[in-house]
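This is what each chain is made of:
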Amino acid sequence: MSDPAVRVDTTSQVPPYEQIRAQLAALIVTGRLTEGERLPTVRQLATDLGLAPGTVARAYRELEAAELIRTRRGAGTRVAAPPAGPARPYATQLATLARDFTSSARALGADTDAILTAVRHALGPDRHRGTSSSGSRAE
């Protein structure tokens, strides 16, 4: 991870570990961090962000539980290979992205109405058509 793409707002109501988890998950799910890319050590990222190592460690544990990263002794922490086939359905990735977006939006101080308005605006006029109420693509 060459560019320090993770930022933490210590004044936010969103806990720092969640800000880190959400940002890294979004970078991984969107492909900005690719399979095998090495992440900073817990201590290094904690130092870079001015946080306690336990805060970063918690974010890394949650990313490992979500199978987005893997840590191996001597090899460091790296972006995990995406699961093969239907092991990770579209709905799971969409839920991760939605959770990450809402966490970031709340960190900015946005309430639910503002978040929904932003999503509707991003979809644009008539872009929401062609999807079912469950959010899956219409056939």
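Residues numbered from 1 in each chain as written. Predicted model: local features only at pLDDT ≥ 70, side-chain atom pairs only at ≥ 80, totals over all residues. Heavy atoms only, no water.

Here we look at the overall build of the protein chain
Heads up, the rule is: By the criteria applied, helices consist of DSSP H or I runs no shorter than four residues and strands consist of E runs no shorter than two, each listed in order from the N terminus. Burial status follows relative accessibility: with a 1.4 Å probe on protein chains alone, a residue under 20% of its type maximum counts as buried, one over 50% as exposed, and anything between as partly exposed. Any two residues having at least one pair of non-hydrogen atoms within 4.5 Å are treated as being in contact. Note that accessible areas follow from Shrake-Rupley with a 1.4 Å probe, and for residues the cover is restricted to the protein chains shown.
If you tally the helices and strands in the protein chain, you get 5 helices and 2 strands. By residue count, 27% of the 139 residues in the protein chain fall in the buried class. For the protein chain, contacts bridging at least 24 residues in sequence account for 55% of all contacts bridging at least 6. Per element, the accessible surface of the protein chain, about 9,100 Å² overall, is 53% carbon and sulfur.

What about the pairing of strand β1 (residues 69-72)?
For clarity, the threshold we go by: In this analysis, strands are considered paired if DSSP registers two or more bridges between them.
Two strands pair when backbone bridges link them, and β1 and strand β2 (residues 76-79) are joined in this way by 4 bridges, in the antiparallel orientation. Bridge pairing in β2 places Arg-72 opposite Gly-76.

Regarding a nonpolar patch on the surface
We count it as follows: Patch membership requires more than 30% relative accessible area and the absence of a salt bridge. Residues of like charge join within 9 Å; the nonpolar side chains Val, Leu, Ile, Met, Phe, Trp and Tyr join within 5 Å. Think of a salt bridge as a Lys or Arg side-chain nitrogen and an Asp or Glu carboxyl oxygen that are within 4 Å of each other.
A cluster of nonpolar side chains, Phe-101, Val-119 and Leu-123, forms an exposed patch at the surface whose accessible area comes to about 220 Å². When you line up the elements, Leu-123 lands in helix α5 (residues 112-123). Since its relative accessible area comes to 37%, Leu-123 is described here as partly exposed.

Some points on helix α3 (residues 53-65)
Which entries qualify depends on this criterion: A helix is expected to reach a length of 1.5 Å times the quantity of its residues less one. What the arc covers is the set of directions going from the helix axis to the C-beta atoms.
Compared with the 18 Å implied by 1.5 Å per residue over 13 residues, the 18 Å span of α3 between its first and last C-alpha is a close match. Among all positions in α3, only Val-56, Ala-59, Tyr-60 and Leu-63 are buried. All buried residues of α3 fall inside an arc of 95° around its axis, so they share one side. Exposed residues pointing more than 90 degrees away from the buried face of α3 are listed as Arg-61 and Ala-65. Where the residues of α3 are buried, they touch α1 (16-29), α2 (42-49), β1 and β2. Glu-67 sits one or two positions beyond α3 and adopts a positive phi of about 60°.

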